[in-house]
Amino acid sequence: DGYARWYQVGDAAGKTMTVQVPENSGFWVYDGNGQVTASSVLWGDTTVTLPEDGTIVFAGDPGARFHLRFCGAFFQFSGPNETRPEAGCRGGTWM
């Protein structure tokens, strides 16, 4: 019936992720040791700071769409060997 998708936190570590969870769906965040640090199903979490070496799983009915927003420090590339930090948020839809 439904399905789950797993993602590595990667460069998003330390950023704050806010999730709009669709009906009959949920997400879990695991730290690098495999311990659950956030869950919309277990604890009603909708916002979490993503851990280093962590993993995120989104699960739901077929066609479920999770709306995500990431806030924290991003880096804008202005040219070769030139970056500058940029605070703010980015959003989108996953799954």
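Shown above is the structure to which this text applies.
Calculation criteria
Residues numbered from 1 in each chain as written. Predicted model: local features only at pLDDT ≥ 70, side-chain atom pairs only at ≥ 80, totals over all residues. Heavy atoms only, no water. Helix = DSSP H or I, 4+ residues; strand = E, 2+ residues; numbered from the N terminus. Contact = heavy atoms within 4.5 Å. Areas by Shrake-Rupley, 256 points an atom, 1.4 Å probe, with all protein chains shown as cover. Core = buried A, V, L, I, M, F, W, Y, C linked by side-chain atoms within 4.5 Å. Buried < 20%, exposed > 50% of the residue type's maximum accessible area, 1.4 Å probe, protein only.

(A) View of the overall build of the protein. The helix and strand inventory of the protein stands at zero helices and eight strands. Helices and strands in the protein line up, N terminus first, as β-β-β-β-β-β-β-β. Intrachain contacts of the protein at a sequence separation of at least 6 include 61% that bridge at least 24 residues. Entry remark: accessible area of the protein is about 5,800 Å², with carbon and sulfur atoms responsible for 48%.

(B) Highlighting the nonpolar core. The biggest cluster of nonpolar side chains holds 16 residues, and the ones touching the most others in it are Met17, Val29, Leu50 and Phe58. Elements with a minimum of two residues in this core: strand E2 (16–20), strand E3 (26–30), strand E6 (55–60) and strand E7 (66–79). Element by element, the count of residues in this core is highest for E7, at three residues. Those residues in contact with methionine 17 that lie beyond four places of it in its chain are Phe27, Val29, Thr46, Thr47, Val48, Leu50, Ile56, Phe58, Leu68, Arg69 and Phe70.

(C) A look at the side chain of threonine 55. Looking at where threonine 55 falls in the secondary structure, it is placed in strand E6. Residue classification places threonine 55 among the buried positions, given a relative accessible area of 15%. Here threonine 55 is in contact with Trp6, Tyr7, Gln8, Val9, Trp28, Val29 and Tyr30, once residues within four sequence places are set aside.

The values reported here are purely geometric and, on their own, carry no functional implication.
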